[in-house]
Amino acid sequence: MKHLLANPAYKMACDQFDAVADFMNMPVALRERTKLPKRLVTVSLPVRLDSGEVKVFEGHRVQHHLTLGPTKGGLRYHPGVELGEVAALAMWMSWKCALADLPYGGAKGGVAIDPRQFSVGELERITRRYTSEMIPFIGPQTDVMAPDMGTNEQTMAWMMDTYSHQIGHAVPSIVTGKPVSIGGSLGRKEATGRGVAFLANRVADILKLPEDSRVIVQGFGNVGSYAAAGMAKYGARIVGIGDVGGGIYNPKGLDLLKLEEYVARNHGVSGFDGGDAISNADLLLQPCEILIPAALDRVITDKNAGKLQCRILAEGANGPTTLEADAILRQRGDIFVIPDILCNSGGVIVSYFEWVQDLQSFFWSETEIFDKLYRILGHTLDTVLKEARKHNIDHRTAALSLGIQKVVNGKTIRGLFP
Ligand code: GLU
């Protein structure tokens, strides 16, 4: 699997793992077994476009480990999708699920398309073909998908329908993040963003930051928009928001309701007249108490880590901070990092609730869901901070080592077959 290392995200995930394995004194015999993905599936997807032309897309699914239960993770539609990146994201899902004590291994899927370039009908055909090619490899007890960048509830509804047709009856537990009307969970859509806000707010309390702390959010998709709304509810002031088209900045605070209406009409924040236009690169560097990268990976690098002016870095995205940037943040010591596998785990935690509800055909109230979610997030944050203090290590190493250790424990006690 060395070829995967050509992808920078995969290389980063492996280097991160190696460093943590060193810290854990992990026996050599366990390292490759724990690090390498179990299954890499790549499929060709011939799809008829609206023009009548047939185009063949490439779809991937990586299942990282199957030690503790089915694999779990999103399906991404983004032009940058590559097998190596999907493998990195699958690995991060493993540590994320283990850290939150979910009975899952990690997985991720992807198709290298820009979904905005396709009609709804074309997206439906791409999704259904992808699902049908994956049928031998997925199942409620094998691998359960969910939305990720560029996919949403509708994507999951098409997947569930395609799978259910093959099986002969409705199988809601094949995906999470579905519409509530077909077995989705209340709160799943908001869960990742609200989880980010819950944790950032709790850390702001720990650091005794002012109630109207300034917040900057990079990304205004499903994670960024609910994180911003959540922070505003806690009384914070949202001073900057960016998305693929650029950013908007107003040190006095943005009117989120107006911005949401504007984005619904214009499909992006740029051009909104409630603040000044700003590039995404500059947005990250503006003074604020809480910075929330909630878009792509590797956006905090050795080029900008030294210039960040936040007190809390709440990682809504997966893998937003490179190893070099991490070293700089460690040296600086003045930024409280809430690492991605903790910070954005609200999504997969409520996905787990959705899967459990589907398997039991017994559904919970929204209050019950958020009570349970916040209890798990609060407890996990405390555990990570305790571990970091105990060993005098950074929060990311603490979170990763806790997650990785649970996977290692499972592998060790199950033993090696044959
Ligand atoms: N795509 C989300 C993530 O990266 C959610 C995965 C899931 O709910 O299974 O955590």
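Before reading further, recall that the structure is shown in the block above.
Thresholds applied
Residues numbered from 1 in each chain as written. Predicted model: local features only at pLDDT ≥ 70, side-chain atom pairs only at ≥ 80, totals over all residues. Heavy atoms only, no water. Core = buried A, V, L, I, M, F, W, Y, C linked by side-chain atoms within 4.5 Å. Buried < 20%, exposed > 50% of the residue type's maximum accessible area, 1.4 Å probe, protein only. Contact = heavy atoms within 4.5 Å. Pairing = 2+ DSSP bridges. Helix = DSSP H or I, 4+ residues; strand = E, 2+ residues; numbered from the N terminus. Axes fitted to C-alpha atoms, helices over the stretch in contact; angles between N-to-C directions. Right-handed = clockwise from strand over helix to strand, strands pointing away. Phe/Tyr/Trp six-rings, centres within 6.5 Å; stacked < 30°, edge-to-face > 60°. Lys NZ or Arg CZ within 6 Å of the ring centre and 35° of its normal. Near = heavy atom within 4 Å. Polar contact = N/O pair within 3.5 Å; in protein donor to acceptor, adjacent residues only side chain to side chain. Nonpolar A, V, L, I, M, F, W, Y, C, P; charged D, E, K, R; others polar. Expected span 1.5 Å × (residues − 1). Parallel < 35°, antiparallel > 145°, perpendicular 65-115°, else oblique. Left-handed = near helix turned anticlockwise from the far one by under 90°.

Asks: Can you break down the nonpolar core residue by residue, with the values?
Replies: Within the largest apolar cluster, 92 residues are counted, with the highest numbers of intra-cluster contacts made by Ile241 and Ile292. Setting aside anything within four residues of it in sequence, one finds Ile241 in contact with Val217, Phe220, Ala228, Gly246, Gly247, Ile248, Leu254, Leu256, Leu259, Val269 and Leu283. Counting 26 residues, the second-largest nonpolar core is a separate cluster that includes Leu45, Leu123, Met156 and Trp158.

Asks: I'd love a proper account of the sheet that holds strand S8 (residues 246-249), names of residues and values included.
Replies: As summarised here, the arrangement of the 7 strands in space is S9-S8-S7-S6-S10-S11-S12, forming an open sheet in which the pairing is mixed. Edge strands, defined here as strands with exactly one partner in the open sheet, are strand S9 (276-278) and strand S12 (336-338). Sheet twist, expressed as the average angle between the axes of neighbouring strands with direction ignored, equals 20 degrees. Here strand S6 (residues 214-218) runs beside strand S10 (residues 290-293); their pairing, made up of 4 bridges, is parallel. Looking at S10, one finds that Gln218 is bridged to Pro293. Across the sheet, helix H6 (residues 188-206) is in contact with S10, strand S11 (312-314) and S12; its angle to S11 comes to roughly 165 degrees.

Asks: Run through the environment of Met12, naming residues and quoting values.
Replies: For Met12, the location among the structural elements is in helix H1 (residues 8-24). Residues Met12 and Gly319 lie 307 residues apart in sequence; the distance between their C-alpha atoms is 8.7 Å. Residues in contact with Met12, not counting those within four places in the same chain, are Trp92, Arg298, Gly319, Thr321, Thr322 and Leu323.

Asks: Now, about the pairing of strand S3 (residues 71-77): what can you tell me, with residues and values included?
Replies: Counting buried positions along S3 gives 7 out of 7 residues, so the element sits mostly inside the fold. As paired strands, S3 and strand S4 (residues 105-111) are joined by 5 bridges and run parallel to one another. Its bridge partner being in S4, Leu75 is matched across the sheet by Gly109. For the crossover from S3 across helix H3 (residues 83-99) to S4, the handedness is right-handed. Pairing analysis gives 5 bridges linking S3 to strand S5 (residues 143-147), with the strands arranged parallel. Within S5, the position partnered with Thr71 by the bridge is Asp143.

Asks: I'd love a proper account of the sheet that holds S3, names of residues and values included.
Replies: An order of S1-S2-S4-S3-S5 is seen for the 5 strands of this open sheet, with the pairing classed as mixed. Looking along the sheet, the strands with just one partner apiece sit at the ends: strand S1 (39-48) and S5. With direction set aside, neighbouring strand axes in the sheet form an average angle of 25 degrees.

Asks: Could you give me a rundown of the packing of aromatic side chains, with the residues and numbers involved?
Replies: For the coordinates displayed, the defined rule picks out 10 aromatic pairs. With a centroid separation of 5.7 Å and 45 degrees between ring planes, the pair formed by Phe370 and Tyr374 is classed as tilted. Taken together, the residues Phe370 and Tyr374, both in helix H13 (residues 366-391) and 4 residues apart, mark about one turn of the helix. Overall, the relative accessible area of 5% leaves Phe370 in the buried class. Joined through ring pairs, the aromatic side chains of Tyr104, Tyr352, Phe353, Trp355 and Trp364 make up one cluster. Sitting over the ring of Phe370, Arg194 keeps its end group 3.7 Å from the ring centre. Above the face of the Trp364 ring, Lys372 is positioned so that its terminal group lies 4.5 Å from the ring centre.

Asks: Mind laying out the site of the ligand, listing which residues take part and the relevant values?
Replies: Near the ligand, the surroundings consist of 14 residues, among which Lys72, Lys96, Lys108, Asp148 and Ser351 are the closest. Between Lys96 and the ligand, the recorded distance is 2.6 Å, taken from a side-chain N or O atom to an oxygen atom. One nitrogen or oxygen atom from the side chain of Lys108 is found 2.9 Å from an oxygen atom belonging to the ligand. Counting only elements with at least two residues in the shell around the ligand, the list comes to S3, H3, S5 and helix H12 (346-360). Within the shell around the ligand, the residues separate by chemical class into 4 nonpolar, 5 polar and 5 charged.

Asks: Can you lay out H1 for me, pointing to particular residues and giving the numbers?
Replies: For H1, built from 17 residues, the straight-helix expectation of 24 Å at 1.5 Å per residue is met to within 8% by its first-to-last C-alpha distance of 24 Å. Buried within H1 we find Ala9, Tyr10, Met12, Ala13, Cys14, Gln16, Phe17, Val20, Ala21 and Met24. Lining the buried residues of H1 we find helix H2 (28-35), H3, helix H10 (323-332) and helix H14 (395-414). A distance of 2.9 Å separates the backbone nitrogen of Ala9 from a side-chain oxygen at the start of H1, and that oxygen is part of Asn7. Positive phi shows up at Asn25, right after H1, with a value of about 55 degrees.

Asks: Can you explain the packing of H6 against helix H7 (residues 222-233)? Please cite residues and give values.
Replies: At a minimum axis distance of 7 Å, the contact between H6 and H7 shows a crossing angle of 45 degrees. As the angle between them shows, H6 and H7 are arranged oblique. In this structure, H6 meets H7 at a crossing whose hand is right-handed. Facing Lys189, Glu190, Thr192, Gly193, Arg194, Val196, Ala197, Ala200 and Asn201 of H6, the residues of H7 in contact are Asn222, Val223, Tyr226, Ala227, Gly230 and Met231. The class makeup of the residues in the contact of H6 with H7 is 7 nonpolar, 5 polar and 3 charged.

Asks: Provide a residue-level description of the side chain of Asp143, including the pertinent values.
Replies: Secondary-structure assignment places Asp143 in strand S5. According to the relative accessible area criterion, Asp143 is buried, its value standing at 0%. Within polar-contact distance, the side chain of Asp143 engages the side chain of Gln63 at 2.8 Å. Asp143 has contacts with Arg61, Gln63, Pro70, Thr71, Lys72, Ala107, Phe137, Ile138 and Ile174, leaving out every residue within four places of it along the chain.

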